[in-house]
Amino acid sequence: MMRRPVRILSGLAGAALLLAPAVAAADGSCAALSCAIGKRAWAHIDARHCRTCDSLTPKNSEFTGAYCGGAEDALELCRAVLAAADCTAATQRNGRIAATATLDRVAGKLRRGCTDTRRATVILEKDGRTVVTQFPGDP
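Below you will find a few notes about this structure. (Residues numbered from 1 in each chain as written. Predicted model: local features only at pLDDT ≥ 70, side-chain atom pairs only at ≥ 80, totals over all residues. Heavy atoms only, no water.)

**What about helix H2 (residues 71–83)?**
Given 3.6 residues per helical turn, the α-helix brings residues three or four places apart onto the same face. Counted at 1.5 Å a residue, the expected span for H2 with its 13 residues is 18 Å, and the 18 Å between its end C-alpha atoms agrees. Of all the residues in H2, the buried ones are Ala74, Leu75, Leu77, Cys78, Arg79, Ala80, Val81 and Leu82. (Helix = DSSP H or I, 4+ residues; strand = E, 2+ residues; numbered from the N terminus. Expected span 1.5 Å × (residues − 1). Buried < 20%, exposed > 50% of the residue type's maximum accessible area, 1.4 Å probe, protein only.)

Listed below in structure tokens is the structure:
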């Protein structure tokens, strides 16, 4: 996997954003998408998808520890999804973009039964780069 440069910017209300370059609208492929993970998105991902399956409510899935060490790990997952050969992007009814792919290693556990999955999904804002959330499995 090719590593892209990362910049940390201070922005809205002191929120830091982790940015990967270049973005465009989703057209079914993920090639034009990129990743920007702010503090709010990381807090959302951490609170909902970085706990053990024993403590999860049935509506949540769990990332492996490799993707839960901090926003940099979340950025790595986002990049892995977008760089995967089978990544597909679909525009949701609210205009956000769901990018889903199969990774080369286990991404986490599915919400039902805590079974391992290599599939992962990243939900991006309409800009095609601002991460809203990400989770193991399909949308």
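**What about the environment of arginine 111?**
Topologically, arginine 111 is positioned in the loop between strand S7 (108–109) and strand S8 (116–117). A C-alpha to C-alpha distance of 9.9 Å links arginine 111 and phenylalanine 135, two positions 24 residues apart in sequence.

**Structural notes on the state of the cysteines**
Tallying each qualifying case throughout the model produces three disulfides. Note on cysteine connectivity: cysteine 35 is disulfide-linked to cysteine 78, with sulfurs 2.1 Å apart. Across the S-S bond linking cysteine 35 and cysteine 78, the dihedral sits near -90°, which makes this disulfide left-handed. On the criterion of sequence distance, the pair formed by cysteine 35 in the loop between strand S2 (16–19) and strand S3 (36–38) and cysteine 78 in helix H2 is long-range, its members being 43 residues apart. (Disulfide = S-S within 2.5 Å.)

**Here's the deal with the sheet that holds strand S9 (residues 119–124)**
What the four strands build is an open sheet, ordered S5-S6-S9-S10; its pairing is antiparallel. At either end of the open sheet lies a strand with only one pairing partner, and these are strand S5 (88–91) and strand S10 (131–136). The sheet shows a mean angle of 20° between the axes of neighbouring strands, taken without regard to direction. The pairing of S5 with strand S6 (residues 97–102) spans four bridges and is antiparallel. The residue of S6 that forms the bridge with alanine 89 is alanine 99. (Pairing = 2+ DSSP bridges. Axes fitted to C-alpha atoms, helices over the stretch in contact; angles between N-to-C directions.)

**Topic: the nonpolar core**
In globular proteins that are soluble, nonpolar side chains generally tend to be buried together. Counting 30 residues, the largest nonpolar core has Leu33, Val81, Leu82 and Leu103 as its most contacted members. Elements with a minimum of two residues in this core: helix H1 (39–49), H2, S6 and S9. Element by element, the count of residues in this core is highest for H2, at seven residues. Beyond its immediate chain neighbours, meaning those up to four positions away, leucine 103 contacts Tyr67, Leu77, Ala80, Val81, Arg118 and Ala120. (Core = buried A, V, L, I, M, F, W, Y, C linked by side-chain atoms within 4.5 Å. Contact = heavy atoms within 4.5 Å.)

Geometric descriptors of this kind do not, in isolation, establish any biological role.
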